[in-house]
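# Survey of secondary and tertiary structure
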Amino acid sequence: MKFFQRVYCRSVQMVFRCALPFLPYSEPKVIDHVSELPRILHERGISRILLVTDRRIREYGITRVLETELAACQIFYAVYDGTLTNPTTQNVEDARKLYCDTDCQAMIAVGGGSSIDCAKAVGARIARPKKSLQAMKGILKVRKKIPLLIAIPTTAGTGSETTLAAVITDAKTRHKYPINDFALIPRYTVLDPEVTRTLPPDITATTGLDALTHAVEAFIGHSTTRQTRKKAIQAVKLIFENIQEAYRDGNNMQARKNMLKAAYLAGAAFSKSYVGYVHAVAHSLGGRYNTPHGLANAVLLPVFLEAYGETVYQKLWRLAVELGIVERRTSYAQGAGAFIEELVRLETNLKIPKTLKEICPEDIPQLAQYASQEANPLYPVPKLYDAEELAMFYEAVMEKRIYAAG
Ligand SMILES: [Fe+2]
(Lines give C-alpha, C1' and ligand atoms only; values in the text may rest on other atoms or scores of the structure.)
Protein backbone atom coordinates (compact mmCIF):
# COMPACT_ATOMS: atom_id res chain seq x y z
CA MET A 1 0.00 0.00 0.00
CA LYS A 2 1.23 3.47 -0.87
CA PHE A 3 2.58 5.72 1.89
CA PHE A 4 -0.21 8.35 1.87
CA GLN A 5 -2.92 5.72 1.77
CA ARG A 6 -1.27 4.04 4.75
CA VAL A 7 -1.21 7.29 6.70
CA TYR A 8 -4.87 7.88 5.87
CA CYS A 9 -5.91 4.37 7.02
CA ARG A 10 -3.98 4.54 10.27
CA SER A 11 -5.35 8.05 11.00
CA VAL A 12 -8.96 6.93 10.54
CA GLN A 13 -8.30 3.92 12.78
CA MET A 14 -6.71 6.17 15.39
CA VAL A 15 -9.82 8.38 15.47
CA PHE A 16 -12.04 5.35 16.02
CA ARG A 17 -9.71 3.99 18.68
CA CYS A 18 -9.82 7.29 20.59
CA ALA A 19 -13.60 7.39 20.28
CA LEU A 20 -14.01 3.80 21.51
CA PRO A 21 -14.65 4.57 25.20
CA PHE A 22 -17.36 7.08 24.25
CA LEU A 23 -19.31 4.91 21.82
CA PRO A 24 -22.67 3.51 22.99
CA TYR A 25 -21.79 -0.20 22.91
CA SER A 26 -24.26 -2.45 24.66
CA GLU A 27 -24.31 -6.19 25.17
CA PRO A 28 -27.46 -8.23 24.81
CA LYS A 29 -28.99 -9.74 27.89
CA VAL A 30 -28.19 -13.46 27.84
CA ILE A 31 -31.01 -15.94 28.43
CA ASP A 32 -30.53 -19.69 28.83
CA HIS A 33 -33.79 -21.03 27.43
CA VAL A 34 -36.54 -20.03 24.99
CA SER A 35 -39.21 -20.73 27.63
CA GLU A 36 -38.26 -17.40 29.23
CA LEU A 37 -39.20 -15.41 26.12
CA PRO A 38 -43.01 -15.17 26.47
CA ARG A 39 -42.58 -13.52 29.90
CA ILE A 40 -40.16 -10.97 28.46
CA LEU A 41 -42.53 -10.23 25.56
CA HIS A 42 -45.50 -9.84 27.90
CA GLU A 43 -43.54 -7.44 30.12
CA ARG A 44 -42.86 -5.32 27.08
CA GLY A 45 -46.47 -5.41 25.90
CA ILE A 46 -45.56 -7.32 22.74
CA SER A 47 -48.16 -9.67 21.32
CA ARG A 48 -47.17 -9.91 17.62
CA ILE A 49 -43.84 -11.32 16.48
CA LEU A 50 -42.02 -11.94 13.23
CA LEU A 51 -39.90 -15.08 13.33
CA VAL A 52 -36.98 -14.77 10.92
CA THR A 53 -35.34 -18.08 10.05
CA ASP A 54 -34.49 -20.35 7.15
CA ARG A 55 -36.21 -23.39 5.68
CA ARG A 56 -33.67 -25.94 6.92
CA ILE A 57 -33.87 -24.76 10.53
CA ARG A 58 -37.66 -25.00 10.41
CA GLU A 59 -37.62 -28.42 8.75
CA TYR A 60 -35.21 -29.72 11.40
CA GLY A 61 -37.84 -28.72 13.98
CA ILE A 62 -35.47 -26.32 15.74
CA THR A 63 -38.14 -23.61 15.99
CA ARG A 64 -40.79 -26.03 17.27
CA VAL A 65 -40.25 -25.45 21.01
CA LEU A 66 -40.32 -21.69 20.51
CA GLU A 67 -43.43 -21.81 18.33
CA THR A 68 -45.22 -23.98 20.91
CA GLU A 69 -44.25 -21.58 23.72
CA LEU A 70 -45.49 -18.55 21.75
CA ALA A 71 -48.78 -20.22 20.80
CA ALA A 72 -49.39 -21.36 24.39
CA CYS A 73 -48.98 -17.77 25.58
CA GLN A 74 -51.26 -16.42 22.83
CA ILE A 75 -48.51 -14.51 21.12
CA PHE A 76 -49.17 -14.20 17.39
CA TYR A 77 -46.23 -15.03 15.16
CA ALA A 78 -45.63 -14.79 11.43
CA VAL A 79 -42.76 -16.81 9.98
CA TYR A 80 -40.31 -15.68 7.34
CA ASP A 81 -38.21 -18.74 6.50
CA GLY A 82 -36.78 -17.68 3.15
CA THR A 83 -33.40 -16.47 4.43
CA LEU A 84 -30.54 -17.65 2.21
CA THR A 85 -27.04 -18.63 3.37
CA ASN A 86 -25.85 -15.20 2.34
CA PRO A 87 -28.99 -13.14 3.04
CA THR A 88 -29.90 -10.89 0.14
CA THR A 89 -31.50 -7.49 -0.15
CA GLN A 90 -34.55 -9.33 -1.55
CA ASN A 91 -34.77 -11.50 1.61
CA VAL A 92 -34.75 -8.35 3.71
CA GLU A 93 -37.47 -6.68 1.67
CA ASP A 94 -39.68 -9.80 1.70
CA ALA A 95 -39.35 -10.19 5.47
CA ARG A 96 -39.97 -6.50 6.02
CA LYS A 97 -43.17 -6.70 3.96
CA LEU A 98 -44.39 -9.64 6.05
CA TYR A 99 -43.56 -7.72 9.26
CA CYS A 100 -45.58 -4.70 8.11
CA ASP A 101 -48.47 -6.70 6.58
CA THR A 102 -48.98 -8.65 9.80
CA ASP A 103 -48.55 -5.66 12.15
CA CYS A 104 -45.65 -7.19 14.05
CA GLN A 105 -44.05 -5.38 16.96
CA ALA A 106 -40.79 -7.28 17.39
CA MET A 107 -38.59 -9.95 15.80
CA ILE A 108 -37.06 -13.21 16.92
CA ALA A 109 -34.25 -14.42 14.68
CA VAL A 110 -33.57 -18.14 14.86
CA GLY A 111 -30.60 -19.44 12.93
CA GLY A 112 -26.99 -18.88 12.10
CA GLY A 113 -25.62 -15.47 11.26
CA SER A 114 -27.75 -15.36 8.10
CA SER A 115 -31.12 -15.18 9.84
CA ILE A 116 -29.87 -12.85 12.57
CA ASP A 117 -28.23 -10.53 10.01
CA CYS A 118 -31.37 -10.61 7.88
CA ALA A 119 -33.51 -9.61 10.91
CA LYS A 120 -31.10 -6.80 11.80
CA ALA A 121 -31.34 -5.43 8.27
CA VAL A 122 -35.15 -5.73 8.39
CA GLY A 123 -34.99 -3.70 11.60
CA ALA A 124 -32.83 -1.09 9.90
CA ARG A 125 -35.29 -0.79 7.01
CA ILE A 126 -38.24 -0.49 9.43
CA ALA A 127 -36.42 2.21 11.39
CA ARG A 128 -35.40 3.97 8.16
CA PRO A 129 -38.12 3.21 5.59
CA LYS A 130 -36.88 5.87 3.19
CA LYS A 131 -33.26 4.71 3.21
CA SER A 132 -32.13 1.78 1.05
CA LEU A 133 -29.89 -0.94 2.47
CA GLN A 134 -27.13 0.21 0.12
CA ALA A 135 -27.40 3.71 1.64
CA MET A 136 -26.92 2.22 5.12
CA LYS A 137 -23.77 0.33 4.10
CA GLY A 138 -20.75 1.11 6.25
CA ILE A 139 -20.84 2.54 9.73
CA LEU A 140 -23.45 4.43 11.74
CA LYS A 141 -25.90 5.07 8.91
CA VAL A 142 -28.99 3.74 10.71
CA ARG A 143 -28.84 5.94 13.84
CA LYS A 144 -32.39 5.13 14.87
CA LYS A 145 -33.86 2.54 17.22
CA ILE A 146 -35.00 -0.66 15.52
CA PRO A 147 -37.87 -2.85 16.79
CA LEU A 148 -37.03 -5.23 19.64
CA LEU A 149 -34.78 -7.99 18.31
CA ILE A 150 -34.14 -11.28 20.09
CA ALA A 151 -31.46 -13.56 18.64
CA ILE A 152 -31.38 -17.33 19.04
CA PRO A 153 -28.14 -18.58 17.46
CA THR A 154 -28.38 -22.15 16.19
CA THR A 155 -24.70 -22.31 15.27
CA ALA A 156 -21.80 -21.45 17.54
CA GLY A 157 -19.95 -19.17 15.22
CA THR A 158 -21.02 -15.88 13.77
CA GLY A 159 -21.40 -14.01 17.04
CA SER A 160 -24.07 -12.02 15.23
CA GLU A 161 -26.19 -12.36 18.38
CA THR A 162 -23.93 -9.82 20.08
CA THR A 163 -22.55 -7.65 17.28
CA LEU A 164 -23.60 -4.42 15.63
CA ALA A 165 -23.03 -5.80 12.12
CA ALA A 166 -25.39 -7.19 9.50
CA VAL A 167 -23.81 -8.54 6.33
CA ILE A 168 -26.09 -8.39 3.33
CA THR A 169 -25.62 -9.39 -0.32
CA ASP A 170 -27.05 -7.27 -3.11
CA ALA A 171 -29.44 -9.60 -4.95
CA LYS A 172 -28.50 -8.13 -8.33
CA THR A 173 -24.76 -7.36 -8.19
CA ARG A 174 -23.83 -10.09 -5.64
CA HIS A 175 -21.83 -7.48 -3.77
CA LYS A 176 -21.73 -8.43 -0.10
CA TYR A 177 -21.44 -5.56 2.35
CA PRO A 178 -21.78 -4.88 6.08
CA ILE A 179 -24.13 -2.44 7.79
CA ASN A 180 -22.71 -1.50 11.20
CA ASP A 181 -24.70 0.40 13.77
CA PHE A 182 -25.19 0.21 17.54
CA ALA A 183 -28.93 0.16 16.91
CA LEU A 184 -28.54 -3.32 15.38
CA ILE A 185 -27.22 -5.03 18.54
CA PRO A 186 -29.93 -7.51 19.62
CA ARG A 187 -31.55 -6.71 22.95
CA TYR A 188 -31.63 -10.36 24.08
CA THR A 189 -29.83 -13.51 23.04
CA VAL A 190 -30.73 -17.07 23.93
CA LEU A 191 -27.67 -19.32 24.33
CA ASP A 192 -29.26 -22.74 24.49
CA PRO A 193 -27.00 -25.65 23.41
CA GLU A 194 -30.07 -27.80 22.67
CA VAL A 195 -30.73 -25.79 19.49
CA THR A 196 -27.25 -26.66 18.20
CA ARG A 197 -27.59 -30.42 18.88
CA THR A 198 -28.52 -31.38 15.30
CA LEU A 199 -25.87 -29.23 13.65
CA PRO A 200 -23.91 -31.51 11.29
CA PRO A 201 -20.16 -31.96 11.97
CA ASP A 202 -18.97 -29.96 8.93
CA ILE A 203 -21.09 -26.95 9.92
CA THR A 204 -19.98 -27.32 13.56
CA ALA A 205 -16.40 -27.12 12.29
CA THR A 206 -16.72 -24.20 9.87
CA THR A 207 -18.91 -22.05 12.10
CA GLY A 208 -16.64 -22.74 15.07
CA LEU A 209 -13.66 -21.67 12.99
CA ASP A 210 -15.52 -18.51 12.05
CA ALA A 211 -15.71 -17.74 15.79
CA LEU A 212 -12.01 -18.53 16.10
CA THR A 213 -11.27 -16.10 13.27
CA HIS A 214 -13.28 -13.39 15.05
CA ALA A 215 -11.29 -13.90 18.22
CA VAL A 216 -7.90 -14.02 16.48
CA GLU A 217 -8.54 -11.05 14.16
CA ALA A 218 -9.88 -8.96 17.06
CA PHE A 219 -6.85 -9.92 19.16
CA ILE A 220 -4.14 -9.16 16.59
CA GLY A 221 -5.64 -5.86 15.43
CA HIS A 222 -4.50 -2.43 16.61
CA SER A 223 -7.75 -1.45 18.33
CA THR A 224 -7.93 -3.76 21.31
CA THR A 225 -8.83 -2.99 24.91
CA ARG A 226 -8.00 -5.01 28.01
CA GLN A 227 -11.54 -6.31 27.95
CA THR A 228 -11.59 -7.34 24.28
CA ARG A 229 -8.19 -9.03 24.61
CA LYS A 230 -9.45 -10.98 27.60
CA LYS A 231 -12.61 -12.06 25.78
CA ALA A 232 -10.66 -13.01 22.66
CA ILE A 233 -8.22 -15.16 24.66
CA GLN A 234 -11.08 -16.89 26.51
CA ALA A 235 -12.80 -17.59 23.18
CA VAL A 236 -9.63 -18.99 21.56
CA LYS A 237 -9.07 -21.32 24.52
CA LEU A 238 -12.67 -22.52 24.61
CA ILE A 239 -12.63 -23.22 20.87
CA PHE A 240 -9.35 -25.14 20.87
CA GLU A 241 -10.58 -27.15 23.86
CA ASN A 242 -14.08 -27.94 22.60
CA ILE A 243 -14.45 -27.78 18.83
CA GLN A 244 -13.08 -31.24 18.09
CA GLU A 245 -15.36 -32.83 20.68
CA ALA A 246 -18.42 -30.94 19.39
CA TYR A 247 -17.43 -32.06 15.86
CA ARG A 248 -16.94 -35.70 16.91
CA ASP A 249 -19.99 -35.97 19.18
CA GLY A 250 -22.70 -33.41 18.50
CA ASN A 251 -24.66 -34.68 21.49
CA ASN A 252 -22.00 -33.54 23.93
CA MET A 253 -23.97 -30.65 25.39
CA GLN A 254 -21.08 -29.37 27.50
CA ALA A 255 -18.88 -28.98 24.40
CA ARG A 256 -21.80 -27.37 22.56
CA LYS A 257 -22.42 -24.98 25.44
CA ASN A 258 -18.75 -24.00 25.58
CA MET A 259 -18.72 -23.38 21.84
CA LEU A 260 -21.79 -21.11 22.15
CA LYS A 261 -20.05 -19.21 24.92
CA ALA A 262 -16.89 -18.92 22.84
CA ALA A 263 -18.81 -17.60 19.84
CA TYR A 264 -20.53 -15.04 22.03
CA LEU A 265 -17.25 -13.88 23.60
CA ALA A 266 -15.53 -13.68 20.22
CA GLY A 267 -18.50 -11.68 18.91
CA ALA A 268 -18.25 -9.26 21.83
CA ALA A 269 -14.49 -8.91 21.21
CA PHE A 270 -14.72 -8.11 17.51
CA SER A 271 -17.70 -5.82 18.03
CA LYS A 272 -15.28 -3.35 19.58
CA SER A 273 -11.98 -4.43 18.08
CA TYR A 274 -13.12 -5.29 14.54
CA VAL A 275 -12.18 -8.16 12.29
CA GLY A 276 -9.56 -7.94 9.54
CA TYR A 277 -8.64 -8.91 6.00
CA VAL A 278 -9.56 -12.57 6.47
CA HIS A 279 -13.14 -11.46 6.86
CA ALA A 280 -13.05 -8.89 4.08
CA VAL A 281 -11.77 -11.51 1.62
CA ALA A 282 -14.20 -14.15 2.93
CA HIS A 283 -17.13 -11.75 2.47
CA SER A 284 -16.18 -11.11 -1.15
CA LEU A 285 -16.03 -14.88 -1.78
CA GLY A 286 -19.37 -15.43 -0.05
CA GLY A 287 -20.96 -12.70 -2.15
CA ARG A 288 -19.59 -13.99 -5.48
CA TYR A 289 -19.67 -17.77 -5.03
CA ASN A 290 -21.79 -18.35 -1.92
CA THR A 291 -18.69 -19.84 -0.27
CA PRO A 292 -19.72 -20.66 3.30
CA HIS A 293 -18.36 -17.86 5.45
CA GLY A 294 -16.71 -20.05 8.09
CA LEU A 295 -15.05 -22.23 5.46
CA ALA A 296 -13.56 -19.23 3.63
CA ASN A 297 -12.25 -17.84 6.93
CA ALA A 298 -10.78 -21.18 7.95
CA VAL A 299 -8.89 -21.55 4.67
CA LEU A 300 -7.64 -17.94 4.73
CA LEU A 301 -6.72 -17.53 8.40
CA PRO A 302 -3.39 -19.44 8.45
CA VAL A 303 -2.38 -17.82 5.15
CA PHE A 304 -2.87 -14.28 6.49
CA LEU A 305 -1.24 -15.08 9.83
CA GLU A 306 1.88 -16.29 7.99
CA ALA A 307 1.88 -13.20 5.77
CA TYR A 308 1.57 -10.78 8.69
CA GLY A 309 4.94 -12.08 9.84
CA GLU A 310 6.66 -10.34 12.70
CA THR A 311 3.85 -7.78 13.14
CA VAL A 312 1.88 -10.50 14.91
CA TYR A 313 4.64 -12.59 16.51
CA GLN A 314 4.11 -11.32 20.04
CA LYS A 315 0.33 -11.63 19.93
CA LEU A 316 0.34 -15.13 18.47
CA TRP A 317 3.03 -16.09 21.00
CA ARG A 318 0.64 -14.94 23.74
CA LEU A 319 -2.13 -17.14 22.34
CA ALA A 320 0.27 -20.08 22.13
CA VAL A 321 1.25 -19.53 25.78
CA GLU A 322 -2.42 -19.31 26.82
CA LEU A 323 -3.12 -22.57 25.01
CA GLY A 324 -0.23 -24.18 26.82
CA ILE A 325 1.55 -25.23 23.62
CA VAL A 326 4.73 -23.23 24.36
CA GLU A 327 6.38 -21.96 27.49
CA ARG A 328 6.75 -18.26 28.29
CA ARG A 329 10.49 -18.37 27.66
CA THR A 330 9.93 -19.42 24.03
CA SER A 331 10.80 -16.65 21.56
CA TYR A 332 7.97 -14.63 20.01
CA ALA A 333 8.77 -15.97 16.55
CA GLN A 334 8.72 -19.58 17.71
CA GLY A 335 5.56 -19.04 19.74
CA ALA A 336 3.80 -17.54 16.71
CA GLY A 337 4.99 -20.42 14.54
CA ALA A 338 3.69 -22.92 17.10
CA PHE A 339 0.28 -21.24 17.15
CA ILE A 340 -0.03 -21.34 13.37
CA GLU A 341 1.07 -25.00 13.34
CA GLU A 342 -1.53 -25.84 15.99
CA LEU A 343 -4.19 -24.04 13.97
CA VAL A 344 -3.28 -25.95 10.80
CA ARG A 345 -3.33 -29.22 12.76
CA LEU A 346 -6.77 -28.38 14.16
CA GLU A 347 -8.11 -27.53 10.71
CA THR A 348 -6.70 -30.76 9.27
CA ASN A 349 -8.46 -32.75 12.01
CA LEU A 350 -11.68 -30.93 11.14
CA LYS A 351 -11.19 -31.79 7.43
CA ILE A 352 -10.85 -28.20 6.25
CA PRO A 353 -9.35 -27.98 2.74
CA LYS A 354 -6.30 -25.87 1.95
CA THR A 355 -7.81 -24.32 -1.17
CA LEU A 356 -11.15 -23.11 -2.53
CA LYS A 357 -11.96 -24.54 -5.93
CA GLU A 358 -14.61 -21.95 -6.86
CA ILE A 359 -12.22 -19.01 -7.28
CA CYS A 360 -11.85 -17.98 -10.95
CA PRO A 361 -8.68 -16.00 -11.78
CA GLU A 362 -10.63 -13.46 -13.86
CA ASP A 363 -12.81 -12.54 -10.85
CA ILE A 364 -9.90 -11.81 -8.53
CA PRO A 365 -9.30 -8.08 -9.31
CA GLN A 366 -12.97 -7.24 -8.62
CA LEU A 367 -13.12 -9.41 -5.49
CA ALA A 368 -9.92 -7.87 -4.16
CA GLN A 369 -11.41 -4.45 -4.81
CA TYR A 370 -14.47 -5.33 -2.76
CA ALA A 371 -12.29 -6.68 0.07
CA SER A 372 -10.15 -3.55 0.05
CA GLN A 373 -13.25 -1.32 0.10
CA GLU A 374 -14.60 -3.20 3.10
CA ALA A 375 -11.40 -3.25 5.14
CA ASN A 376 -9.66 0.00 4.26
CA PRO A 377 -9.45 2.38 6.01
CA LEU A 378 -11.58 1.02 8.91
CA TYR A 379 -10.13 -2.34 9.98
CA PRO A 380 -7.13 -1.88 12.31
CA VAL A 381 -5.22 -4.76 10.73
CA PRO A 382 -1.64 -5.57 11.77
CA LYS A 383 -0.35 -4.92 8.24
CA LEU A 384 -2.02 -2.85 5.51
CA TYR A 385 -2.67 -4.18 2.00
CA ASP A 386 -4.28 -2.48 -0.98
CA ALA A 387 -6.44 -4.29 -3.53
CA GLU A 388 -3.49 -5.31 -5.66
CA GLU A 389 -1.74 -6.89 -2.69
CA LEU A 390 -4.93 -8.54 -1.49
CA ALA A 391 -5.27 -10.22 -4.90
CA MET A 392 -2.29 -12.40 -3.98
CA PHE A 393 -4.24 -13.98 -1.15
CA TYR A 394 -6.97 -15.15 -3.52
CA GLU A 395 -4.27 -16.68 -5.67
CA ALA A 396 -2.73 -18.33 -2.63
CA VAL A 397 -5.94 -20.21 -1.78
CA MET A 398 -7.15 -20.75 -5.34
CA GLU A 399 -7.14 -24.36 -6.47
CA LYS A 400 -4.35 -24.72 -8.99
CA ARG A 401 -5.71 -26.33 -12.11
CA ILE A 402 -3.33 -28.22 -14.35
CA TYR A 403 -4.23 -28.19 -18.00
CA ALA A 404 -2.80 -30.78 -20.34
CA ALA A 405 -0.72 -29.27 -23.15
CA GLY A 406 -2.18 -29.45 -26.67
FE1 LIG B 1 -17.32 -14.06 10.67
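Residues numbered from 1 in each chain as written. Predicted model: local features only at pLDDT ≥ 70, side-chain atom pairs only at ≥ 80, totals over all residues.

## Some remarks on the sheet that holds strand E8 (residues 176-180)
Strand order in the open sheet made by the 3 strands is E5-E8-E7, with mixed pairing throughout. Edge positions in the open sheet fall to strand E5 (138-139) and strand E7 (165-169), since each of these has one partner strand only. The pairing of E7 with E8 spans 5 bridges and is classified as antiparallel. Among the inter-strand pairings, Ile168 is bridged to a residue of E8, identified as Tyr177. Sheet contacts for helix H6 (residues 113-127): E7 and E8; angle to E7, the most-contacted strand, approximately 95°. (Pairing = 2+ DSSP bridges. Helix = DSSP H or I, 4+ residues; strand = E, 2+ residues; numbered from the N terminus. Contact = placed C-beta atoms within 7 Å. Axes fitted to C-alpha atoms, helices over the stretch in contact; angles between N-to-C directions.)

## Comments concerning helix H9 (residues 253-273)
Helix length check: H9 (21 residues) gives 30 Å between terminal C-alpha atoms against 30 Å at 1.5 Å per residue, within 8%. The buried fraction of H9 is high, at 17 of 21 residues. Just downstream of H9, Tyr274 is the residue with a positive phi angle, here 70°. (Expected span 1.5 Å × (residues − 1). Buried ≥ 20, exposed ≤ 12 C-beta atoms within 10 Å, placed from the backbone.)

## Some details on the nonpolar core
Judged by nonpolar contacts, the single largest core of 120 residues is most densely connected at Ala215, Ala235 and Val281. Shared between two domains, this core takes at least three residues from each, and those domains are domain 1 (3-21 + 200-397) and domain 2 (32-196). If sequence neighbours within four positions are ignored, Ala215 has contacts with Ala232, Ala235, Val236, Ala266 and Ala269. (Core = buried A, V, L, I, M, F, W, Y, C linked by C-beta atoms within 7 Å. Domains from an automatic or database assignment.)

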